[in-house]
Amino acid sequence: MSEDQDALAALSLAEAAARVREGKTSSVELTEACLARIEVYDPKLDAFITVLRSQARAQAAQLDAERKAGKLRGPLHGVPVALKDNIDTAGIRTTAASGVWEDRVPPADAPVAERLQAAGAVLVGKTNLHEFAMGAGEASFFGPARNPWALERNTGGSSSGSGAAIAADLCYGALGTDTAGSIRHPAAYCGTVGLKPTFGLVPIRGIAPLTLCLDHCGPLTRTVEDTALMLDVLAGYDKLDITSVRHEKEDYLAALRQPVSKLRLGLPVGAFEHLHPEIERVCAAAVERIAALAGGAREVAMPPTADLTIATLGYAGETAAWHEPHIRAVPAKYQLADRRRLEAAEAD
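Residues numbered from 1 in each chain as written. Predicted model: local features only at pLDDT ≥ 70, side-chain atom pairs only at ≥ 80, totals over all residues. Heavy atoms only, no water.

A. Looking closely at the overall build of the chain. Within the chain, the regular secondary structure consists of 12 helices and eight strands. Compactness check: the chain gives a C-alpha radius of gyration of 20 Å against a globular reference of 20 Å for 348 residues, within 12% of the reference. Summarising its shape, the C-alpha atoms of the chain cover approximately 60 × 55 × 45 Å along the three principal directions. Summarising the internal contacts of the chain: among those between residues at least 6 apart in sequence, 72% fall at separations of at least 24. (Helix = DSSP H or I, 4+ residues; strand = E, 2+ residues; numbered from the N terminus. Rg over C-alpha atoms; globule rule 2.2 N^0.38 Å. Contact = heavy atoms within 4.5 Å.)

Next comes the structure, spelled out in structure tokens:
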């Protein structure tokens, strides 16, 4: 792995896409840079369950040929990305990090996978997660993903591998899923950007459900601009998805450049208490900066949320019902902590 490859892998998604579009860098070069870093760092990080080396190289070469012929598929043309391994990919093992699905190969892509490929993205692999997205990233049939900043630290979950892969420059964008923080936690723990989109904005068909009435799919990237770029590709109605909502098309990249002076920052009462001093300083500086850009900041009272757990909001019902056939047929194939939670939910 060369210094040039490290520099290429550290580009933002927007920068990488622009370089391919302008002919300054090839998709093959970007892909090889990511694969080289995966080869070096992933044995310790376990960010990936499946790395698609041959497929990614072939896909990148095809996209380079198309660019030379004057064809660009979309805004992600030639840029390597990764998908959380609970998102179906046609002909590619999709395990949800569980022994239950150790050898499962779905016949069709999830709509989000289709949209990324239609936009020209190169799929370098499927990322690790907490088994069936049921926790904080520590329980996986393939071993937990580790935090690139400190290997003994948790990555946050459940989209643990996606958070680690972005932070370690193993790809330029990744998809995660979020029911109760599973995109936002890895982004916070690993120092990346993660977005839980509005419910129904991004299709979740073809994704193993946790609690359908609360599930979301969204991007993890290294910059807000990259997140907007991916959301432009992912958002849109899916008539076959019962959660999908018709929504007027928006340009999220353009929205980034709109003035924010009329917006006000709300600070939930008690949200910034009992913080580590270093975290408290960073939060205070961020609040001061955002308040100066926007129309100020003020404290706001929020409804109490202490009793709004996943269990009360649907985990004990929807999640247990979906897993019932598996937990009865092959209980030993679940990670122990998740099996106990599902068995307890079924008993209730």
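B. Up close: the pattern of salt bridges. Inspection of every chain in the model, using the stated rule, returns 15 salt bridges. Glu 66 is the salt-bridge partner of Arg 73, the closest N and O atoms lying 2.7 Å from each other. In this structure, Arg 184 and Asp 178 form a salt bridge, with 2.9 Å as the shortest nitrogen-oxygen distance. (Salt bridge = Lys/Arg side-chain N within 4 Å of Asp/Glu carboxyl O.)

C. Representation of the sheet that holds strand β2 (residues 80–84). Spatially, β1-β3-β2-β4-β6-β5 is the arrangement adopted by the six strands of the open sheet, whose pairing is mixed. Two strands bound the open sheet, and with one partner strand each, they are β1 (48–51) and β5 (193–194). Sheet strands in contact with helix α3 (residues 27–45) are β1, β2 and β3 (122–127), and its direction is about 135° off that of β1. (Pairing = 2+ DSSP bridges. Axes fitted to C-alpha atoms, helices over the stretch in contact; angles between N-to-C directions.)

D. Main features of helix α5 (residues 111–118). Within α5, burial applies to Pro 111, Val 112, Ala 113, Arg 115 and Leu 116. Buried residues in α5 make contact with β2, β4 (173–178), β6 (216–221) and α8 (224–234). Positive phi appears at Gly 120, one or two residues downstream of α5, with a value of about 100°. (Buried < 20%, exposed > 50% of the residue type's maximum accessible area, 1.4 Å probe, protein only.)

E. How the structure looks around helix α6 (residues 160–167). Of all eight residues in α6, eight are buried; the element is thus mostly enclosed. Residues Ser 160, Gly 161, Ser 162, Gly 163, Ala 164, Ala 165, Ile 166 and Ala 167 constitute the buried set of α6. Contacts from the buried residues of α6 go to β1, β2, β3, β4, α7 (184–190) and β6. Residue Asp 169 follows α6 closely and has a positive phi angle near 60°.

F. Spotlight on the pairing of β6. Counted residue by residue, β6 has six buried out of six residues, so it is predominantly covered. Inspection of the sheet shows β5 paired to β6 by two bridges, in the antiparallel sense. Pairing of Gly 194 across the sheet is with Leu 220, part of β6.

G. Representation of the packing of α5 against α8. It is at 9 Å that the axes of α5 and α8 come closest, and there the two elements cross at 110°. Overall, the two elements α5 and α8 adopt an arrangement that is roughly perpendicular. In terms of crossing hand, the pair formed by α5 and α8 is right-handed. Contacts between α5 and α8 involve Val 112, Arg 115 and Leu 116 from the first element and Met 230, Val 233 and Leu 234 from the second. For the contact of α5 with α8, the per-class residue count stands at five nonpolar, no polar and one charged. (Parallel < 35°, antiparallel > 145°, perpendicular 65-115°, else oblique. Left-handed = near helix turned anticlockwise from the far one by under 90°. Nonpolar A, V, L, I, M, F, W, Y, C, P; charged D, E, K, R; others polar.)

H. How the structure looks around the packing of aromatic side chains. With the rule as written, the count across this model stands at five aromatic pairs. For the ring pair Trp 101 and Trp 322, a centre distance of 5.8 Å and an interplane angle of 75° mean the geometry is edge-to-face. Of the two residues, Trp 101 is situated in the loop between β2 and α5 and Trp 322 in helix α11 (residues 310–329); the sequence distance between them amounts to 221 residues. What makes Trp 101 buried here is its relative accessible area of 12%. For Trp 322, a relative accessible area of 30% gives the class partly exposed. When the ring centre of Trp 101 is taken as reference, the NZ or CZ atom of Arg 104 above it lies at 4.0 Å. (Phe/Tyr/Trp six-rings, centres within 6.5 Å; stacked < 30°, edge-to-face > 60°. Lys NZ or Arg CZ within 6 Å of the ring centre and 35° of its normal.)

I. Focus on the nonpolar core. In this structure, Leu 76, Ile 87, Val 112, Leu 116, Tyr 172, Leu 175 and Cys 217 are the most contacted members of the largest nonpolar core, which totals 41 residues. Those elements that place two or more of their residues in this core are α1 (3–9), α2 (13–21), α3, β2, α5, α8 and α9 (252–255). With six residues, the single largest contributor to this core is α8. Each residue touching Ile 87, except ones within four places of it in the same chain, is listed here: Thr 94, Ala 110, Val 112, Lys 126, Leu 175, Gly 206, Ile 207 and Cys 217. (Core = buried A, V, L, I, M, F, W, Y, C linked by side-chain atoms within 4.5 Å.)

J. The arrangement of unusual backbone geometry in detail. Here the residue pair Gly 157 and Ser 158 is connected by a cis peptide bond, since its omega of 10° sits within 30 degrees of zero. Summarising the element assignment, Ser 158 is placed in the loop between β3 and α6. Phi is positive for Ala 96, which is not a glycine, with a value near 55°. Summarising the element assignment, Ala 96 is placed in the loop between β2 and α5. For Ala 96, a relative accessible area of 0% corresponds to the buried category. With a phi close to 60°, Asp 169 is a non-glycine residue in the positive phi region.

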